[in-house]
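Letter by letter, the chains look like this.
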Amino acid sequence: MKKYLGKNAAWFLIIIFVYQIIPLIVLMSAESFAVWLLIFLVIWYAFDFLLLPITFRNYVLLDEDHFVFVYGFSKETVDIKDIKKIEKTNSVLASSANSLDRILIETKGNTMMISLKDNDDFIKQIHYYMKNKA
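Reading the values: rules and limits
- Residues numbered from 1 in each chain as written.
- Predicted model: local features only at pLDDT ≥ 70, side-chain atom pairs only at ≥ 80, totals over all residues.
- Heavy atoms only, no water.
- Helix = DSSP H or I, 4+ residues; strand = E, 2+ residues; numbered from the N terminus.
- Expected span 1.5 Å × (residues − 1).
- Bend = angle between axes of the 7 residues up to and from the residue.
- Buried < 20%, exposed > 50% of the residue type's maximum accessible area, 1.4 Å probe, protein only.
- Contact = heavy atoms within 4.5 Å.
- Core = buried A, V, L, I, M, F, W, Y, C linked by side-chain atoms within 4.5 Å.
- Polar contact = N/O pair within 3.5 Å; in protein donor to acceptor, adjacent residues only side chain to side chain.
- Pairing = 2+ DSSP bridges.
- Axes fitted to C-alpha atoms, helices over the stretch in contact; angles between N-to-C directions.
- Patch = residues over 30% accessible without salt bridge, like charges linked within 9 Å, V, L, I, M, F, W, Y side chains within 5 Å.
- Areas by Shrake-Rupley, 256 points an atom, 1.4 Å probe, with all protein chains shown as cover.
- Salt bridge = Lys/Arg side-chain N within 4 Å of Asp/Glu carboxyl O.

Asker: Pulling in residues and values, what's your account of helix α1 (residues 10–29)?
Answerer: Quick reminder: α-helices carry 3.6 residues per turn. Residues three or four places apart thus point the same way. Given a rise of 1.5 Å per residue, 20 residues ought to cover 28 Å, and the 28 Å separating the end C-alpha atoms of α1 matches this to within 8%. By the largest-angle criterion, I21 marks the main kink of α1, which is about 25°, and a proline, P23, follows within four residues. Along α1, the positions that sit buried rather than exposed are F12, I16, Y19 and P23. Considering only its buried residues, α1 is in contact with α2 (35–46) and α3 (48–56).

Pasting the structure below:
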């Protein structure tokens with residue numbers, strides 16, 4: 001089983017960094033610490049519960065007959081025999097890809113986009129397994 005790490009584009013990391021420092025700016029500009037400020041901070045950083053896992057838990061495990069896409073708290077298994085189309089794309093559609101250098105995967109029942117550090121090798125391996133299993 002081969003592991004492909006997910007790709008986090010620089011713009012994605014900058015957004016996360018800015019998201020983390022905005023409350024610090026608010027705190028520094030606040031004249032006093034109030035309950036509304038505490039509520040703001042709790043709500044703001046609660047989003048990190050979703051944001052940080054998709055940044056650090058983002059990879060694909062490829063086997064000969066399937067791959068497992070792990071993204072944050074979700075995990076999806078895709079059988080290679082079910083893949084109808086796989087190609088590189090730079091689509092800006094919302095997806096589970098932290099970069100615009102993406103792979104579009106269409107299966108019998110689903111369409112997904114992923115972004116890996118080595119998209120080309122992943123596509124090459126998928127094509128190899130598709131050809132040898134047919």
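Asker: Break down the nonpolar core for me, with residues and values.
Answerer: The biggest cluster of nonpolar side chains holds 24 residues, and the ones touching the most others in it are F67, I105, I114 and F122. For this core, the secondary-structure elements that each account for two or more residues are α1, α3, β2 (58–62), β3 (66–71), β5 (83–89), β6 (102–107), β7 (111–114) and α4 (119–133). Not counting chain neighbours up to four residues away, the residues in contact with F67 comprise V60, L61, L62, E76, T77, V78, I83, I105, M112, F122 and I126.

Asker: Summarise the side chain of N119; cite the residues concerned and give the values.
Answerer: With respect to the helices and strands, the residue N119 is situated in helix α4. Engagement of the side chain of N119 in a polar contact is seen with the backbone oxygen of D101, the distance being 3.0 Å. Filtering out sequence-adjacent residues up to four positions away, N119 remains in contact with K88, D101, R102 and I103.

Asker: Kindly report on the sheet that holds strand β4 (residues 74–79), identifying the contributing residues and their values.
Answerer: Remark on secondary structure: sheet strands pair via backbone hydrogen bonds, oriented parallel or antiparallel. Taken together, the four strands give an open sheet; going across it, the order is β1-β2-β3-β4, and neighbouring strands pair in antiparallel fashion. Both outer strands of the open sheet, β1 (2–5) and β4, are each paired with one neighbouring strand and no more. Across the sheet, the axes of successive neighbouring strands diverge by a mean angle of 20°, strand direction being ignored. The sheet contact formed by β1 and β2 spans four bridges and is antiparallel.

Asker: Which residues make up a nonpolar patch on the surface, and what are the values?
Answerer: On the surface, L24, L27, F33, L38 and V42 cluster together into a nonpolar patch covering about 460 Å² of accessible area. Mapped onto the nonpolar patch, the elements with two or more residues apiece are α1 and α2. The topology assignment puts L38 in helix α2. The exposure class of L38 is partly exposed, given its relative accessible area of 44%.

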